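# Understanding the architecture of this molecule
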Amino acid sequence: MNIAIHGIGFPKEFVPHIEQLIASLKSHDIRIFFTEAFSRSLKKNNLKIDGYEPLNPKALVKQMDFVLSVGGDGTLLDTVCLVGDHEIPIVGINSGRLGFLATVAKQNINAAIEQLIAGEFSVEKRALVCVNTEKQIFNGMNFGLNEFTIHKRDTSSMITIHTYIDGQYLNSYWADGLIVATPTGSTGYSLSCGGPLITPGARNFVITPVSPHNLNVRPIIISDESEMCFKIEGRGEKFLVSLDSRSTTIDATDELKVKKASFAANLVKFHDYHFFDTLRQKLNWGFDMRN
């Protein structure tokens, strides 16, 4: 079995758990690969590990059986970019606080590896949002797990985002920006802007305005089979667009077409995990002195 480990940084106090993870993998005769970013994180924490191979070039990703993402939700989003359309199952190991995506707690690392080897897990297919323009953007990695966002850039004035769904005019949003969130991303930026929570298996996207000028404009849920088209106007000449944590600038002449990607992110979930449990813990539902 080939397993790659990816991470873009972890706290020093997490080092013993890294050592525990490596020891657990080696005890099962697993061929271990490290990404360059993870290797740098080990060196930064003066941690020397033997018996691994560098995941270089990235073409080796398609030969992996699993990719372990060590960090938080941001690291897992970066891991999704690393895996791309190879759809290799991803295991999220959380090095910090409770995450929506990185769900394996540090005290459960050994148990998670045992379940992984034994096949005692399920794989959740998470839809990705994909954006296209006439010119290449995001260095060809034009997909994201959480959301696609349009923002104003060169001015404090609001922008106007003309929005079409499957060729039909929906609305011209006067706002600071607009979010297209997947069910996975519904617990992130969209939620903070008043968007609804969507369960991971729902086949929907949600369009959420950022600080809209008209208070009667609200988020709208659409089918993830729809294609969205956006045309932007504003006082500035440049606008900012982002996919998860990656961003770039576009011109007003650029027409954006957004739809579901042709491939998915495969997230490994163990049998003691449920999305509703994570919601209650992360959002502190039920933590009220009246209860």
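Residues numbered from 1 in each chain as written. Predicted model: local features only at pLDDT ≥ 70, side-chain atom pairs only at ≥ 80, totals over all residues. Heavy atoms only, no water.

## With respect to the UniProt feature "active site" (unreviewed entry) in the protein
UniProt records the feature "active site" (unreviewed entry) at D73, using the numbering of this structure. Mapping D73 onto the fold places it in helix 3 (residues 73-83). Residue class for D73 comes out partly exposed when judged on its relative accessible area of 24%. The residues touching D73, leaving out its near neighbours within four places in the chain, are G99, F100, L101 and A102. (UniProt positions renumbered as here; feature names shortened; annotations may be inferred. Helix = DSSP H or I, 4+ residues; strand = E, 2+ residues; numbered from the N terminus. Buried < 20%, exposed > 50% of the residue type's maximum accessible area, 1.4 Å probe, protein only. Contact = heavy atoms within 4.5 Å.)

## Digging into the nonpolar core
Side chains of nonpolar character tend, in soluble globular proteins, to be buried together. Membership of the largest hydrophobic core comes to 28 residues, with the highest contact counts inside it found for I5, I18, L21, L25, L68 and I93. Elements that contribute at least two residues to this core include exactly strand 1 (2-6), helix 1 (15-26), strand 2 (31-34), helix 2 (36-44), strand 4 (66-71), strand 5 (90-94), helix 4 (109-118) and strand 17 (256-270). With five residues, helix 1 is the single largest residue contributor to this core. Excluding anything up to four places from it in sequence, I18 contacts F10, F38, L42, L47 and V70. Of all hydrophobic cores here, the second largest spans 25 residues; its members include I137, V217, I232 and L243. (Core = buried A, V, L, I, M, F, W, Y, C linked by side-chain atoms within 4.5 Å.)

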